[in-house]
Amino acid sequence: MRPDLTSARLWLATAMLLLVALALARPLDHDESQYVAAAVLTAQGNLPYRDFAYLQVPLQPILFAPFAWAFGDWAWPGLRIVNALLGTAAIAFVYRAAREGGAAVRPALLGAGLFACTDILLFSVGTARNDALPVALLAAALPLVIRAANDRATRWTALLAGLLLAAAAAAKISFALPAAAYGIYALLDRRHRPLWLAAGTLPIILFVAASASWNPHGFMFGVFEFPAVAPGQYYHDRPWKMSWLAKALDTLKFLALGPALIGLLLTSRVRWRGKWGQAQSGRAIDWMLWAGIIAALLPFPTWRQYLLPILPPLFVRLAIGWHAAPPGRRARIALVVFACAGLAPSVEALVRAVPDVPMIEAIRQGRAIGAAMDAGGVTGPVATLSPQFLPAAGRMPDPRFATGPFYFRSHHLLDLKIEAVDRLISGDTLEAHFSRPPAAILIGGEGKWTSGDPALDQALEAWAKRNGWRQTSVEGGRFRLYIKPL
């Protein structure tokens, strides 16, 4: 085996182990609630939009359901590990794409390594959210994009590129813009075989169309309406968070937590000229990079994971440019400094996890919840804003609470009849919908310890107390279980 290939594989194996460790060590986050719930519910034969609400495009619950089923009680940490492995795959594909673009082993490894040092990526692949799958799919398409640009495309590589990019968009809608940008570029550069590229997207298009047919309104609301309206409603008392100034500051902050900001500045100096292979591959990558920037800047407010579509094309371009024109000493020092800044939050998470690993604690809490439910004779679905804790308890979430706190905290987005069809409940409509109550109500997981809002849990708890539900203690002190009166 070639020494350079051996070193690349060793480096990648090390990155995989570190990402898995980080997935177990990263603090618990209420953002994970709907993604764990969706995978677990789908694993039991339910379908997004039809049987439970899902506030995203539909691919991830379908693909992750077998993993949720296989992991069982350990579904939450298991899904985090799946995302860590997908993050490793994304890093590997960035390396492979840089090599396809003509970069030598060292600059290709440097580009992939810098990609791995961004807090944007490390956060996104260290939680059970919906970021790791689309970034891995996007990164997997980049070697095929560059191969086509260098006159080495076949109908099969074009089909696969179309399938991967469409799948990325079907896992998270912001990835549709880089996919569309490449499709438009392929129409202008016929070496990319645009007809075969389009054919590759058809299975995913048919899948998304089928999922929309399960509940057309639920699909449109979850994919388009809720993301467009809910943030403005949630931040109505903090309008500055929805301003362009806040967006600029947040974007710079998140890009600076890692080498992405310096990478953008360095790549802007590289122009794709001449007959060398990188000239054409660089233009295709540039289109996807600019589309990723637009996708990142469209949502309000800006969070770090929204910047993820920028990173794979950026670091592929940086590695190829590094091979063509290595950066100077000051630029290299700046890259190291910003890479350390990107690693700092993850290093802190690993250090904090030494006495008490968050995912182990989550399983411990879940088992305590399960024991309390066993003692209380709870067998049916559970209403909670923290459904991610229920797999370890051996219970299923009430499908009306599959979105965790995110729809519950909204106000008057849908009328009662549509909420009933779409299987949604907000804090304002508990009385109306709880004429068909759950088997139990679980309180305590939506709090500051999970980056949540305890006031939301308090609203659910107030309803339970008001209606005479009996409280049962849960070992550990974080959770409270309410069981409906006999």
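Structure's up top.
Procedures and definitions
Residues numbered from 1 in each chain as written. Predicted model: local features only at pLDDT ≥ 70, side-chain atom pairs only at ≥ 80, totals over all residues. Heavy atoms only, no water. Pairing = 2+ DSSP bridges. Helix = DSSP H or I, 4+ residues; strand = E, 2+ residues; numbered from the N terminus. Axes fitted to C-alpha atoms, helices over the stretch in contact; angles between N-to-C directions. Contact = heavy atoms within 4.5 Å. Patch = residues over 30% accessible without salt bridge, like charges linked within 9 Å, V, L, I, M, F, W, Y side chains within 5 Å. Areas by Shrake-Rupley, 256 points an atom, 1.4 Å probe, with all protein chains shown as cover. Salt bridge = Lys/Arg side-chain N within 4 Å of Asp/Glu carboxyl O. Buried < 20%, exposed > 50% of the residue type's maximum accessible area, 1.4 Å probe, protein only. Phe/Tyr/Trp six-rings, centres within 6.5 Å; stacked < 30°, edge-to-face > 60°. Lys NZ or Arg CZ within 6 Å of the ring centre and 35° of its normal. Parallel < 35°, antiparallel > 145°, perpendicular 65-115°, else oblique. Left-handed = near helix turned anticlockwise from the far one by under 90°. Nonpolar A, V, L, I, M, F, W, Y, C, P; charged D, E, K, R; others polar. Expected span 1.5 Å × (residues − 1). Lys, Arg positive; Asp, Glu negative; His and termini not counted.

Observations concerning the sheet that holds strand β3 (residues 470-473)
Thinking step 1. Strand order in the open sheet made by the four strands is β1-β2-β4-β3, with mixed pairing throughout. Two strands lie at the open edges of the sheet, namely β1 (382-384) and β3, each paired on one side alone. Direction aside, neighbouring strands of the sheet carry axes that sit 30° apart on average.
Thinking step 2. Of the pairings in the sheet, the one linking β3 to strand β4 (residues 480-483) comprises four bridges and is antiparallel in character. Paired with Q471 across the bridge in β4 is Y482.
Thinking step 3. Here helix α22 (residues 454-466) sits on the sheet in contact with β1, β2 (440-443) and β4, set at roughly 140° to β2.

Some words on a nonpolar patch on the surface
Thinking step 1. A surface patch of nonpolar side chains, amounting to about 340 Å² of accessible area, comprises F67, F71, W74 and I360.
Thinking step 2. Mapped onto the elements of the fold, I360 is located in helix α17 (residues 358-376).
Thinking step 3. A residue is classified by how much of its surface remains accessible, and I360, at 38% relative accessible area, is partly exposed.

Focus: the packing of aromatic side chains
Each aromatic ring pair is summarised here by two numbers: the centre-to-centre distance and the angle between the ring planes.
Thinking step 1. The final tally for this structure, using the stated rule, is 19 aromatic pairs.
Thinking step 2. Between the aromatic rings of F434 and W463, the centroid separation amounts to 4.7 Å while the plane-to-plane angle is 85°, which identifies the pairing as edge-to-face. Residue F434 is found in the loop between α21 (430-433) and β2, and its partner W463 is found in helix α22; the two are separated by 29 residues along the sequence. Like W463, F434 is buried.
Thinking step 3. Taken together, the aromatic side chains of F401, F408, F434, W463 and W469 make up a single cluster linked through ring pairs.
Thinking step 4. Above the plane of the ring of W303 lies K241, whose end atom (NZ or CZ) is 4.6 Å from the centre.
Thinking step 5. Taking the ring centre of F300 as reference, the NZ or CZ of K247 above it sits at 4.3 Å.

Digging into the packing of helix α13 (residues 260-267) against helix α15 (residues 311-324)
Thinking step 1. The geometry of α13 relative to α15 is characterised by a closest axis approach of 10 Å and an angle of 55° between their N-to-C directions. In terms of axis orientation, α13 runs oblique to α15. Two packed elements cross with a definite hand, and for α13 against α15 that hand is left-handed. Each of A260, G263, L264, L266 and T267 in α13 lies in contact with α15, whose residues at this interface are L311, L314, F315, R317 and L318.
Thinking step 2. By residue class, the composition of the contact of α13 with α15 is seven nonpolar, two polar and one charged.

A short note on helix α5 (residues 105-116)
Thinking step 1. Over its 12 residues, α5 runs 16 Å from end to end, which matches the ideal 16 Å to within 8%, given 1.5 Å per residue.
Thinking step 2. Counting buried residues in α5 gives 10 out of 12 residues, a clear majority hidden from the surface.
Thinking step 3. Burial in α5 covers these residues: V105, P107, A108, L109, G111, A112, G113, L114, F115 and A116.

Quick look at the environment of E32
Thinking step 1. Relative to the assigned elements, E32 resides in the loop between α1 (3-25) and α2 (33-43).
Thinking step 2. With 44 residues separating them along the chain, E32 and W76 place their C-alpha atoms 8.7 Å apart.
Thinking step 3. Once residues within four sequence positions are removed from consideration, E32 is found in contact with P27, W76, R80, T127, A128 and R129.

With respect to the side chain of E419
Thinking step 1. As for its placement among the helices and strands, E419 is situated in helix α20 (residues 416-422).
Thinking step 2. No salt bridge is formed by the buried E419; its nearest oppositely charged neighbour, R400, is found at 9.5 Å.
Thinking step 3. Contact partners of E419, with chain neighbours within four places excluded, come to Y407, L414, L424, S426, T429 and H433.

Description of the pattern of salt bridges
Thinking step 1. As enumerated under the stated definition, the model contains 20 salt bridges in all.
Thinking step 2. Between R466 and E431 there is a salt bridge, and its shortest N-O distance comes to 3.0 Å. With a gap of 35 residues between them, R466 in helix α22 and E431 in helix α21 connect regions that are remote in the sequence.
Thinking step 3. Judged by its relative accessible area of 55%, R466 falls in the exposed class.
Thinking step 4. A salt bridge links R480 to E461; the shortest N-O distance between them is 2.6 Å. Pair noted here: R480 is in strand β4 and E461 is in helix α22, with a separation of 19 residues, a long-range link.
Thinking step 5. Salt bridges sharing common partners tie together D31, R129, D131 and K172.

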